[in-house]
Each structure stands twice: as structure tokens, then as C-alpha cells.
Number of protein chains: 2
Amino acid sequence: MFGGIETGGTKTVCAVGTDGVIEQRTQFPTGSDPAALAARCADFVADKDVRAIGIGTFGPCDPDPTSPGYGHILATPKPGWSGVDLLGVLAPELAAPMTMTTDVNAAALGEQRFGAGRGHSNLVYLTIGTGVGVGAVIDGRVLHGATHPEMGHIRIPVLAAGGVCPYHGNCFEGLASGPAMAAREGRPGGEIADDDPAWDLEARIVAAGLHAITCMLSPQCIIVGGGVGSRSGLHRRLPGLLTRSLAGYVAVPDILAPGLGPDAGVIGAMTLAQDQSQG
Amino acid sequence: MFGGIETGGTKTVCAVGTDGVIEQRTQFPTGSDPAALAARCADFVADKDVRAIGIGTFGPCDPDPTSPGYGHILATPKPGWSGVDLLGVLAPELAAPMTMTTDVNAAALGEQRFGAGRGHSNLVYLTIGTGVGVGAVIDGRVLHGATHPEMGHIRIPVLAAGGVCPYHGNCFEGLASGPAMAAREGRPGGEIADDDPAWDLEARIVAAGLHAITCMLSPQCIIVGGGVGSRSGLHRRLPGLLTRSLAGYVAVPDILAPGLGPDAGVIGAMTLAQDQSQG
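Parameters at a glance
Sequence positions are assigned chain by chain, starting from 1 and proceeding in written order. Labels are handed out in written order, letters beginning with A for the chains and numbers beginning with 1 for the ligands. Selection of residues for local features in this predicted model requires a pLDDT of at least 70, selection of side-chain atom pairs for listing and counting requires 80 or more, and totals for whole chains, interfaces and linings are taken over all residues. Values reported for side chains reflect all heavy atoms of the structure, with hydrogen atoms and water molecules removed beforehand. Per the convention used, a helix needs a DSSP run of H or I reaching at least four residues, while a strand needs a run of E reaching at least two, with both numbered from the N terminus. We call a residue buried when its accessible area falls under 20% of the maximum for its residue type, exposed when it is over 50%, and partly exposed in between, using a 1.4 Å probe and counting protein chains only. Two strands form a pair only when DSSP identifies at least two bridges running between them. You can read pLDDT as the predictor saying how much it trusts each residue, on a scale of 0 to 100. Convention adopted: a line fitted to C-alpha atoms gives each axis, helices being fitted over their contacting stretch, and angles between N-to-C directions are expressed from 0 to 180 degrees. In this scheme, roughly parallel covers angles under 35 degrees and roughly antiparallel covers those over 145, while 65 to 115 is roughly perpendicular and the rest are oblique. By definition, residues are in contact when any of their heavy atoms lie within 4.5 Å. Residue classes follow a fixed rule: Ala, Val, Leu, Ile, Met, Phe, Trp, Tyr, Cys and Pro count as nonpolar, while Asp, Glu, Lys and Arg count as charged, and any other residue, Gly among them, counts as polar. One less than the number of residues in a helix, times 1.5 Å, gives the span that helix is expected to have. By construction, the arc corresponds to the directions joining the helix axis to the C-beta atoms. Side-chain atoms alone can form a polar contact between residues adjacent in sequence; in general such a contact is a pair of N or O atoms within 3.5 Å, and within protein one must be able to donate a hydrogen while the other accepts it. Superposition of the copies used a least-squares fit over C-alpha atoms from residues whose pLDDT is at least 70 in both. A 1.4 Å probe defines the accessible area here, and the buried area is the portion of it lost by two parts on being joined, summed over both. Whenever Lys or Arg places a side-chain nitrogen within 4 Å of a carboxyl oxygen from Asp or Glu, that contact is recorded as a salt bridge. Among the buried residues, those of types Ala, Val, Leu, Ile, Met, Phe, Trp, Tyr and Cys that are joined through side-chain atoms within 4.5 Å form a nonpolar core.

J.: Mind showing me how you'd approach the environment of glycine 59 of chain A here?
T.: By secondary structure assignment, the location of glycine 59 of chain A is in the loop between β4 (53-57) and α2 (86-90). In the structure, glycine 59 of chain A is positioned 56 residues away from glycine 115 of chain A in sequence and 23 Å away in space, judged by C-alpha atoms.

The following block contains the structure:
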């Protein structure tokens, strides 16, 4: 069996299984004490026979095995986690080879192999909620680069004022996230009905991000999920808006809903371990 | 030895060599007759002992070996070339295994292996001239996806009016290309001195594209060349503007000048063949 650990912003999910099938699973708050988190992960893994463990973590992180900072969480506002050597904390507790990527890359890999993206070797996973997170699989492997993409922070044409990103104001996340929509509309997204015209503007903003993703990575499909991203008021508008925005110059990727729900990340983390273990 | 063929928009370059060193080289107009072009390529290759041939072609094209349209040029305004099976035309003339990518991907690969990007496994090659072309190497391999990226056609924040892209108006290429700058300034770029303030706006537009590329692909460096891209009025402004635009959220990649000059594409095409041949 292979282990998967998804350390998300609020909760951590651990699972063991093979070929995308979860045999056992647990979850607990991520909290602000890395050592305590490692101990809880170890408790879960201890009596399972795992050959390798994949980690999908909140970012920013250093997922480059050739880097001196491999396995570290970088600067983050999350209390207790800035600069923490996540793999270093977990390694003594978990006696198995480990591999790390971002939570959204793990979700992209899970969806590509066992979810909505089956049959595609190139896809993007986009989650829109508290923030905008984007992961990508290229030729069946997660996309890293020098550190890892932060596609939520591209600057897009400014379709609305008052973006909420503390770094870039009106970037993709600054305009499209749940808090951005709430600030713009004066009420949380949960209170906005799917037939409310507020989704028109939100969808045009998201389509601008999808246009950039399409031109940058040429994915076969883009999976759009998350608290905001899964809303039908948004989701159903995206294919038409993206088609119009691309204007026939490049093929329009399929816009899909996630197939694995909240387990995409941990299934992807398990898959990362299995891929690594099987070369 | 390995062969490289770069079929550019105006000229085609053929070369043979090994490990990035060109032994022999020729060039001629690409023209509008694919069969005639193939014959000229064959004339050059015929008496050389090549194990494999790499092609870097103008696009759009289908570089996916698993696709039924593999090796074809897609819809293009270039006379004589729309829908042409480029690999199919070349194959009977050239008795060697062939691999294909875009001209800019080939240039990215050449620069990564033997040019300004040596030592980096993830880089982007950006050329700004008549158009905006972008190629990328990820983990040492060229980036394709479903077809191939068309990063010049992302929509960026609109920093100037009157973009010239016939598909998207104010996209990256529509605002940053040589013709866009010429239209905006009322004179060709070649007549604009490097200390002219016109480069301020041009550089802010290009920096918006670099910001998106950085967040999307996390490259270690971005090589910026081409008739407009190589101008010092533009090039020297880019690192500062990109740093300001990214605002400390992600690391700023090095902005470099090309190291291989006009041979980047054909050296990359040779390298593609050598990589393919040596697995």
C-alpha cells in the first residue's frame, strides 16, 4: 500500500491505499504545531504496511528534491508554519520514502489518474474558494519548475475594482476568490443565488484566468472546483465565456467538475507515492 | 550526427551536428511550396550520416505523436501551409526518424542545453518581434500539452489602447509586438532610440507578460530576445518592473539575453533529435 498526506490550510487528511482506492482514511485539524501534526500522521501510518508516502501540502513550499530547502514550507501567514521543514519533521516519524508537491498539484494528479480527468495526460485543476489554487499535470507528471506555480497570482485584465490580494490587488485571486466576490457584492457567495447576475461578472473574471491557463499550458481539460468554483451560477457560464475569449485561435479545453470531491488531494498524494515508488 | 531543421515564418535553417555543435549549416526561404522545401532539406541532409532529425516549426502545429494529426501545420495565414502534413512531406525525403516541436520550443531547448540557460532545467524563451513567441522547457523537456502553448495570446492588464492582434486585440502579442509598438508610436521600433520614453510603456506591457509566465511556470530564468525583445531600451527595464509586479510573492526569475543568437532554434532542433534518439 501507499500513503497519502494532504496538509491543507485548515485540515490534514491521511489515507492509505493503492491505485487510487482508499483503504483507510483519517483527518484532523492541521493546527499550528508541526511536531504534533507529524505525531498524529505517524499514529495513523504506524500499523499500516506502506511502501512510500506522498505529501500534498499548502504552500508556498519547496518541492524540488535537488534544492537545499526541499520539503520546507516557505514564508506563510499561517501561524507556526513559516520556514518549517515539513519533510524533516515527518521523516523521523514515518519510516518510508516520501515525495512532496503542493495540495493543488496532488489534487490535479488524483483527478488526472482516477477522477474527472481520466484519459487526459495534460490537465489543470483549479479551485476557487478562500483563495484561487491551481495545480497542473503535464505529460502525466505534476508541474513544479523552480519552486511551483502560483497561477492564482497572474495579473488579468481588470474587470472589477477592489481586488483583495494583499500582494497584487487585482490579480486573478484578488478578483475571483470568495472574499473578493463577497467584498464586491456586499454578501458572502453562499447567499448569492445561482441565478443572480453577480455570477456574470465572477464568471468573466474566472474566464480571463482560464484563457491565460489555456494559452500557457494547452491542457486537454480544466477541472474547476472549490466553494465558489463549484457553484452552477459560475460553472455553467465558463465554457461559453472561455470560447468567446479565445476567439477561435486555440482549441477550447473541456471545463469539468471535479470527480473525486474532497478526496482528490489525498488520492493524488497516494498516487505521487506510488508513481515515485514504481519509477 | 543529428539533424535539425527550423522552418521559420520566412526562412528555413538546416544543420547537422552533435551536442549542440553545428558541423554544417544551410538556409533558404521557407516559401509557399512544402514539397519544394522538403526537397531542399533532403538535398542538404542526403550526404550526411544523420541518426535522427528534429524539426522546430512555425505554428500552429500538432506536435503530439499520439494524435492523428501529428506533424501537421494547423490553420495559418501563411500561403501554402494551412493543414499541410509537414512531417509527412519530409518523411519520404529524409530517411531518418523525426521529432517535431514549435520553433520557439526548439529555441528554448537549445538555449537551455547549450546557451544562456545552461544549468537550468526549467526556462522560458520569449521572442518579441513581428509577433510574440514563447517556448518552454520543463524538467529538461519541451512543453507541449494538448497541442502547444500559445503564450503570446494571454490577455494581460490593458496598459495601452489599440492592440493589433486580429483575434484578441489587446492580448500580450497584440500590445507588445513590433507592429503594436509601431502603431502606438507612429514609427517602427527601429527608429525609436534606446533612451526614448516609448520603451517605458513597452517594458510595462512585456513585464505583465513576464509576470504571468513566472506565476504559471515558475521558470528559473526567462530568455528575452527578438528584434524588439533584444533592444536595451526594453531589456534593461524588465528585471525591475517584474520584481515590482510580483511584489515579493514569488521569486523573480533571471531575465537573460539569448546566448545562441539566430541558431538557437536549429541547435534546439538538433538537440531534440539527439534526446529522442538517446531516450
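J.: Would you mind showing me how to read the pairing of strand β5 (residues 98-102) of chain A here?
T.: The side chains of a regular strand alternate between the sheet's two faces. All names here are of chain A. Across the five residues of β5, five count as buried, placing the element largely inside the fold. Note that β4 and β5 share five bridges and pair parallel. Residue pairing in the sheet places glycine 54 in a bridge with threonine 99 of β5.

J.: Hey, could you run me through the confidence of the model for chain A in this one?
T.: In low-pLDDT segments, the atomic positions of the prediction should not be examined closely. For chain A, per-residue confidence averages 96 on the pLDDT scale, and residues scoring 70 or more make up 100% of the total. Scored as a complex, the prediction yields pTM 0.96 and ipTM 0.96.

J.: Mind showing me how you'd approach the packing of helix α3 (residues 103-114) of chain A against helix α9 (residues 264-277) of chain A here?
T.: Packed helices, taken two at a time, are described by their axes: the angle between them and the distance between them. Residues and elements named next belong to chain A. At a minimum axis separation of 7 Å, α3 and α9 run at an interaxial angle of 80°. Judged by the inter-axis angle, α3 sits roughly perpendicular to α9. Seen from α3, the contacting residues are Asp103, Ala106, Ala107, Leu109, Gly110, Glu111, Arg113 and Phe114; seen from α9, they are Ala264, Gly265, Ile267, Gly268, Ala269, Thr271, Leu272 and Asp275. For the contact of α3 with α9, the per-class residue count stands at eight nonpolar, four polar and four charged.

J.: Can you help me understand helix α1 (residues 34-45) of chain B in this one?
T.: Because each turn of an α-helix spans 3.6 residues, side chains separated by three or four positions end up pointing in the same direction. Residue and element names in this part refer to chain B. Its twelve residues place the ends of α1 16 Å apart at the C-alpha level, agreeing with the 16 Å of an ideal helix rising 1.5 Å per residue. Where α1 is concerned, the buried positions are Pro34, Leu37, Ala38, Cys41, Ala42, Phe44 and Val45. Buried residues in α1, looked at end-on, bunch into an arc of 160°, giving them a common side. For α1, the capping residue at the N-terminal end is aspartate 33, with a side-chain oxygen 3.0 Å from the backbone nitrogen of alanine 35.

J.: I'm lost on the side chain of aspartate 62 of chain B in this one. Help?
T.: Mapped onto the elements of the fold, aspartate 62 of chain B is located in the loop between β4 (53-57) and α2 (86-90). Apart from residues no more than four positions distant in its own chain, aspartate 62 of chain B is found in contact with Ser67, Gly69, Tyr70, Gly71, His72, Leu74 and Met100 of chain B.

J.: Looking at this structure, how should I read the relation of the copies chain B and chain A?
T.: Each of the two chain copies goes to the other by way of a rotation about an axis and a shift along it. With an RMSD of 0.0 Å, the operation that places chain B on chain A is a rotation of 180° combined with a shift of 0.0 Å along the axis. When the rotation and shift are considered jointly, the pair of chain copies conforms to a two-fold rotation axis. No C-alpha of chain B lies nearer the rotation axis than that of proline 157 of chain B, which sits 2.0 Å from it. The share of interface residues of chain B whose copies in chain A are also at the interface is 100%, consistent with both copies meeting through the same surface.

J.: Just checking my understanding: could you explain the interface of chain B and chain A for this structure?
T.: Many authors give the size of an interface as the accessible area that is lost as the parts come together. Counting residues at the interface gives 34 residues for chain B, matched by 34 residues for chain A. Overall, the association of chain B and chain A removes approximately 3,300 Å² of surface from exposure, summing both partners, and the carbon and sulfur fraction of that is 63%. Counting the contacts that link chain B with chain A gives two salt bridges. When the shortest N-O distance is used, the salt bridge between aspartate 139 of chain B and arginine 141 of chain A registers 3.9 Å.

J.: What is the right way to look at the nonpolar core in this model?
T.: The nonpolar side chains of soluble globular proteins are, as a tendency, buried together. If you look at the biggest cluster of nonpolar residues, it comprises 82 residues, and the most contacted ones within it are Leu126, Leu210 and Leu217 of chain A together with Leu126, Leu210 and Leu217 of chain B. Among residues more than four places away in sequence, those in contact with leucine 217 of chain A are Val124, Ala136, Ile138, Leu143 and Met151 of chain A together with Leu143, His144, Gly145 and Leu217 of chain B.

J.: Whenever I open this one, the sheet that holds strand β10 (residues 254-256) of chain A confuses me. Can you help?
T.: Strand pairing within a sheet occurs via backbone hydrogen bonds; the two strands may be parallel or antiparallel. All names here are of chain A. With respect to topology, five strands assemble into an open sheet ordered β8-β7-β6-β9-β10, the strand pairing being mixed. Because the sheet does not close on itself, it has two edges, and the strands there are β8 (141-142) and β10. Bridging between strand β6 (residues 123-128) and strand β7 (residues 132-138) involves six bridges; their strand directions are antiparallel. The residue of β7 that forms the bridge with isoleucine 128 is valine 132.

J.: Sorry, what's going on with the sheet that holds strand β8 (residues 141-142) of chain B here?
T.: Residue and element names in this part refer to chain B. Taken in spatial order, the five strands make up an open sheet running β8-β7-β6-β9-β10, and their pairing is mixed. Bordering the open sheet on either side are β8 and β10 (254-256), each of which pairs with just one other strand. Two elements, strand β7 (residues 132-138) and β8, share two bridges in a ladder whose sense is antiparallel. Considered in β8, the bridge of isoleucine 138 is made with arginine 141.

J.: Please clarify how unusual backbone geometry should be interpreted in this entry.
T.: In the segment running from glycine 59 of chain A into proline 60 of chain A, the intervening peptide bond is cis, with an omega of -5°. Mapped onto the elements, proline 60 of chain A comes out in the loop between β4 and α2. One non-glycine residue, alanine 247 of chain B, adopts positive backbone phi at about 60°. Residue position: alanine 247 of chain B is located in the loop between α8 (238-246) and β10. Under the relative-accessibility criterion, alanine 247 of chain B is labelled partly exposed at 32%.

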